[in-house]
Amino acid sequence: METMSPLERLLRGIALTLVVVFFMFPIVWIFLMSFQTNETILRIPPSVVFTPTLDNYAALITGKLQTAAGTLDIAFMRNLGNSVFLSVVSVAVALLLGVPAAYAFARHKFKGSEDIAFTLLSFRFAPPLLVLLPLTQYFQWLGLSNTYFGLIWVYQLICLPLILWIVRGYFEDISADVEYAYRIAGHSWFATFRKIALPLAGPGIAAAGLLAFIFAWNNFVFALVLASADKQPVTVGALAFVTASGIQYGQIAAAIVLSITPTLALALYAQRYLVEGLSLGAVKG
Amino acid sequence: MSDSALLLKDVDKFYGPIDYGVHAVKKLSMDVRKGEIIALLGSSGCGKTSTLRMIAGFEAVSRGKISLGGREIQTFPPVRRNVAMAFEGYSLYPPLTVRENIAFALKASKLSHSTVDEKVAGIAKLLEIEDILGRYPSSISGGQQQRASLGRALIRDASLHLLDEPMGQLEPQLRAVLRGRIKHYIKERGLTAILVTHDQTEANALADRIAVMEGGVLQQFDTPQRIKERPANLFTGTFVGEPPMNVFEASVTASENRLAFGLKDGIRLEYAASDFSHTVRDVLKRRQRVVLGVRPYAVKRSADGVTGRVAVNQWLGDQTHIAADFAGGTLVLVEHDRSNLEVGQPIGIRLEPASLHVFDGESGMAISHGEELA
Ligand SMILES: Nc1ncnc2c1ncn2[C@@H]1O[C@H](COP(=O)(O)OP(=O)(O)OP(=O)(O)O)[C@@H](O)[C@H]1O
Ligand SMILES: [Mg+2]
C-alpha cells in the first residue's frame, strides 16, 4: 500500500460516502417506512418526521392485516419460516452434492469433464421462465408440485452451479502435490479429501455457501409458480400485501426489513470469508 | 532378484492419449538394488519428475511395469506403495508448522509421541532446521521449505525414497555439508533412494549409480566413474563432465600402419596404428564419419602438435580454462597453473590417443574409448 496525500484521502472519503449513501438510501428509507402508517407514508410532501408505530410489525407477527375492507389473514411468519427452511436445506443439499463434485472436476480431468461442468453452469444462464412451464408439467405428473422436496430440488438449479464453480476454482488453487504428500505418507484418498482439501478450501466453500444462500433466499419465480400459500417463501408471500383495497406500504416495508435481516446479518458475519473466498480462487479458468 | 528394490520394465509415460499425447518417458527399464543411491541426471523436461511420479503413484503408467520389492505395483494407489517423496515444489501443508509437517509423515506408522519427537529432532539437526520447527511454511525461506520437505521424506522408514531436486535451493557450502550427512544417513539405515539433481558434483558424491536421461530416454545407467570414462553415447559424453567434453566431427582414413582423423579447417590428427588396439582399428577402418570427443582435462599442449588460436584465457583461482578456436569450433583445455597465453596467439595442441572418445557420426553411439572398444 502506498501512502496517500491528505487531498487524495479526502476525495476518497467523499467518493466512498457517495457510494454508501447511494446504496444504503433505499434500505434506510424502507426501514423508516416500516415504522409508519400508510397515511404518513403517502403524505405529500413526504417528510422524515413522524411518530413511530410498531403496528406494522404487530400485524405481521399476529398475521392479522387491517385494511379498509376489514381484517385479512396473512401468513407472513410462516412464509419467513419457509424461506429459512428452503434456503438452508437447499444450500445444505447443494454443498453435500456440489463440494465432492467440484473436487472431482478439479482433480480428475477426464474426457468430457469440462463439458459436463459447463453444462451444469449453463443452468444458470437459462432464464428461469423458460424452464418453468415444462417443469410445472413434469412436477404435476410426478406429484412434486407444491412439496418442499420439489422446491428444494428446483432450488438446486440456483445453488448447485454456483457452489460447483466457485469451490472448484478453490480446489484447483490447492497444489495437488500437497495432497499427494499426504497420501504418500499412508493416507487414503478420502482421508486426504477430508483432512487436506476441505480445510484448505474452507473459506471458499463458506463463501460459495453464503452466496448460494442469498440467491436461494431471493428467488421468486420458482416459488411463485411451484408452491401454494403454505409453502411459499417471503419473496412470494409479500404479494399478499397488494390487496383489493390498496397496497399496504407500511407492512410491506416491515416485511422487507424482516426478510432481509437474516441475509444481511449472515453476510456481515461472514464478510471476511466472502471477500477472501471470492477474491481468491473463485472465477478463473 | 531378492536384492532388487525397484524394477522398471519398458515404462512409457504419455500425458494425454497413449501414442498421441506428450511422450514424456520412453521405454524406460531400470533395476535398482536395495541400499543403492541412484542419481537421475538430465536436462530440464527430460522426464525425471514424471518417472518419480509414476513410481510414487501420482501419475498413471501408460505402458510397462513397475515392481517394488518384487511386487508389481503400477496399479496400486500411493498409500499401498510405501514410498517416500520430497517434492520439487516442496508442497508443505500450509496450516501446519514445520515440526507438524515433518511429523505427519509418521502419523500412519503409529509411533509413540516421544519416538516421533525424537526422530523429528534428529532430522532437524541433520538438516539444520531446528530453529524453524515452530514456524509456518509461509513464513520461512525457500531453502528452509526445501529442507523441511526433505526432512518429511527422509524421516519415513519407506522401502524407497524419491528425492526430486532436494537441495536445489541451497547455497553450495550448505549443500556440500548436507550431501555428506544425507549420504551417511541413508547408508546407515540401508535406505534405497532415487535422487533427481542438476548438480553433477552432487550426483557424483552421493550416487552409487547415475542414470542419465534425455528426451524421455535412458541414455546410460552406470557408476559415476564409468559414465565419465566410458560414456555410452555423445549425449552422455557431453552432458556429464565440467567443463563439457570437446567434440569435433571427423573423417577416418586408415592405412596399414597409420590412422588419421581429418577435422574441419584441414586439421589432421595422425596416429600410429599401434596406438590403438587391433579391434578398435578394425572397427574404425570401416567408419567414415565419426565424432571425436576429448575431455578438457585430457588436452595436452605441445609445440609440434596441431594448432589452434587462443580465444579466452581465464584463471579461476585454482585452474586455468583456455578456449581456443580449433577445427571450426572451440576447444577447451584446463591447466592447473596460470598461463600467460595472449588472446589471438597460436597454441600447439596434442590429443593423446588414450584420451580420445570416438562416437558414430550418425547414431552418436560410442565406438571406442582410448584404445578400447566401447
Ligand atoms: N501434467 C503434464 N501434462 C502434460 N505434459 C507434461 C505434464 N507434466 C510434464 N509434462 C511434460 O513431460 C515432459 C517431462 O516433464 P518432467 O516434469 O518429467 O521433466 P523433468 O525432467 O522433471 O524436468 P525439470 O528438470 O525441469 O524438473 C516435459 O516435456 C513436460 O512438458
Ligand atoms: Mg522435474
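Residues numbered from 1 in each chain as written. Chains lettered and ligands numbered in written order. Predicted model: local features only at pLDDT ≥ 70, side-chain atom pairs only at ≥ 80, totals over all residues. Heavy atoms only, no water.

Let us now look at the overall build of chain B. When its secondary structure is counted, chain B shows 9 helices and 21 strands. Taking the principal axes of its C-alpha atoms as reference, chain B extends roughly 75 × 45 × 35 Å. Per-residue burial for chain B yields a buried fraction of 52% across its 374 residues. Intrachain contacts of chain B at a sequence separation of at least 6 include 64% that bridge at least 24 residues. One way to put it: in chain B the 46 positive side-chain charges average out to a point 5 Å from where the 44 negative ones average out. (Helix = DSSP H or I, 4+ residues; strand = E, 2+ residues; numbered from the N terminus. Buried < 20%, exposed > 50% of the residue type's maximum accessible area, 1.4 Å probe, protein only. Contact = heavy atoms within 4.5 Å. Lys, Arg positive; Asp, Glu negative; His and termini not counted. Charge placed at Lys NZ, Arg CZ, Asp CG, Glu CD.)

Listed under "domain: ABC transmembrane type-1" (unreviewed entry) in the UniProt record, and renumbered for this structure, are residues 80–270 of chain A. The span residues 80–270 of chain A carries 78% helix and 2% strand; its end-to-end C-alpha distance comes to 21 Å. (UniProt positions renumbered as here; feature names shortened; annotations may be inferred.)

Protein-derived ligands of the magnesium ion (ligand 2) are B:T49 (OG1), B:E88 (OE) and B:E88 (OE), with the metal-ligand distances lying across 1.8 to 2.8 Å. With B:T49 in helix α1 (residues 48–56) and B:E88 in the loop between β6 (83–86) and α2 (98–107), the pair connects residues that are 39 residues apart, well separated along the chain. (Donors = N, O, S within 2.8 Å, 3.2 Å for Na, K, Ca; no water.)

This part covers the sheet that holds strand β14 (residues 289–294) of chain B. Residue and element names in this part refer to chain B. Spatially, 7 strands are ordered β13-β12-β11-β14-β19-β20-β21 in an open sheet, and the strand pairing comes out antiparallel. Two strands lie at the open edges of the sheet, namely β13 (268–272) and β21 (372–373), each paired on one side alone. Two elements, strand β11 (residues 246–254) and β14, share 6 bridges in a ladder whose sense is antiparallel. When the sheet's bridge partners are listed, A250 is paired in β14 with V290. (Pairing = 2+ DSSP bridges.)

Turning next to the interface of chain B and chain A. Of the residues lining the interface, 21 residues belong to chain B; the matching set on chain A comes to 16 residues. Summed over both sides, the interface between chain B and chain A buries roughly 1500 Å², with carbon and sulfur atoms accounting for 68% of that surface. Taken together, the connections running from chain B to chain A amount to 1 salt bridge. A salt bridge links B:R53 to A:D177, with the shortest nitrogen-to-oxygen separation between them at 3.0 Å. Our enumeration of links across chain B and chain A arrives at 3 residue pairs in polar contact (both at pLDDT 80 or more). Tallied by class, the residues present in the side of chain B that touches chain A amount to 16 nonpolar, 1 polar and 4 charged. (Buried area = accessible area lost by both parts, 1.4 Å probe. Salt bridge = Lys/Arg side-chain N within 4 Å of Asp/Glu carboxyl O. Polar contact = N/O pair within 3.5 Å; in protein donor to acceptor, adjacent residues only side chain to side chain. Nonpolar A, V, L, I, M, F, W, Y, C, P; charged D, E, K, R; others polar.)

Once that is clear, we can look at unusual backbone geometry. With omega at -5°, the peptide bond leading from A:I44 into A:P45 counts as cis. Counting through the fold element by element, A:P45 comes out in the loop between α2 (38–41) and α3 (55–62). Here the residue pair B:E242 and B:P243 is connected by a cis peptide bond, since its omega of -10° sits within 30 degrees of zero. Considering the arrangement of structural elements, one finds B:P243 in the loop between α8 (234–239) and β11. In the Ramachandran plot, B:N82 falls in the positive-phi region, its phi being about 55° despite a non-glycine side chain. Here B:E165, not a glycine, exhibits a phi torsion of approximately 45°, which is positive. Summarising the element assignment, B:E165 is placed in the loop between β7 (160–164) and α5 (172–189).

So, on to the confidence of the model for chain A. Residue-level pLDDT values for chain A average 85, and 95% of them are 70 or greater. Helix α13 (residues 271–279) of chain A is the least confidently modelled element of chain A, averaging 68 in pLDDT, while helix α4 (residues 76–107) of chain A averages 93, the highest of any element. (pLDDT = per-residue confidence, 0-100.)

All names here are of chain B. What surrounds ligand 1 is the set Y15, A24, S44, G45, C46, G47, K48, T49, S50, E88, E165 and H198. Measuring from an oxygen atom of ligand 1, one finds a side-chain N or O atom of T49 at 2.6 Å. Starting from 630 Å² of accessible surface for ligand 1 in isolation, the protein chains cover 61%. In terms of residues, the shell around ligand 1 owes the most to one element, α1, which gives 3 residues. The residue inventory of the shell around ligand 1, partitioned by class, reads 3 nonpolar, 6 polar and 3 charged. (Near = heavy atom within 4 Å. Areas by Shrake-Rupley, 256 points an atom, 1.4 Å probe, with all protein chains shown as cover.)

Taken as a whole, this structure holds 26 aromatic pairs over all chains when the rule is applied. Centroid distance A:F31 to A:F35: 5.3 Å. Interplanar angle 80°. Geometry classified as edge-to-face. Taken together, the ring pairs connect A:Y103, A:F171, A:W189, A:F190 and A:F193 into an aromatic cluster. One cation-aromatic arrangement involves A:R168 over A:W165; the distance from NZ or CZ to the ring centre is 5.2 Å. The ring of B:Y185 carries B:R189 above its face, with NZ or CZ at 3.7 Å from the centroid. (Phe/Tyr/Trp six-rings, centres within 6.5 Å; stacked < 30°, edge-to-face > 60°. Lys NZ or Arg CZ within 6 Å of the ring centre and 35° of its normal.)

Moving on, we get to a nonpolar patch on the surface. Residue and element names in this part refer to chain A. On the surface, V20, M24, I27, V28, I260, L264 and L268 cluster together into a nonpolar patch covering about 580 Å² of accessible area. Counting residues per element, the ones that place at least two in the nonpolar patch are α1 (6–33) and α12 (249–269). Here the nonpolar patch takes 4 residues from α1, the largest share from any one element. For M24, a relative accessible area of 39% translates into the label partly exposed. (Patch = residues over 30% accessible without salt bridge, like charges linked within 9 Å, V, L, I, M, F, W, Y side chains within 5 Å.)

Once that is clear, we can look at the domain arrangement of chain B. Residues and elements named next belong to chain B. When its domains are assigned, chain B resolves into domain 1 (4–230) and domain 2 (246–373). The distance between the C-alpha centroids of domain 1 and domain 2 comes to 39 Å. Opposite the 4 residues of domain 1 that make contact, domain 2 presents 5 residues. Buried area between domain 1 and domain 2, both sides added, is near 370 Å², and the carbon and sulfur share of it is 40%. (Domains from an automatic or database assignment.)

It is worth spelling out the UniProt feature "domain: ABC transporter" (unreviewed entry) in chain B at this point. The residues that UniProt annotates with the feature "domain: ABC transporter" (unreviewed entry) are residues 6–240 of chain B. For residues 6–240 of chain B, the end-to-end C-alpha separation is 25 Å, with 36% helix and 26% strand making up the annotated structure.

It is worth spelling out the sheet that holds β7(B) at this point. All names here are of chain B. Pairing is mixed in the open sheet, where 6 strands are placed in the order β6-β7-β8-β3-β9-β10. Where the open sheet ends on each side, the last strands, each with one partner, are β6 and β10 (217–222). Each strand axis lies, on average, 20° off the axis of its neighbour in the sheet, ignoring direction. Pairing geometry for strand β3 (residues 37–42) and strand β8 (residues 193–197), over 5 bridges, is parallel. The residue of β8 that forms the bridge with I37 is A193. Lying over the sheet, α1 contacts β3, β6, β7, β8 and β9 (209–214), oriented at roughly 150° with respect to β7. (Axes fitted to C-alpha atoms, helices over the stretch in contact; angles between N-to-C directions.)

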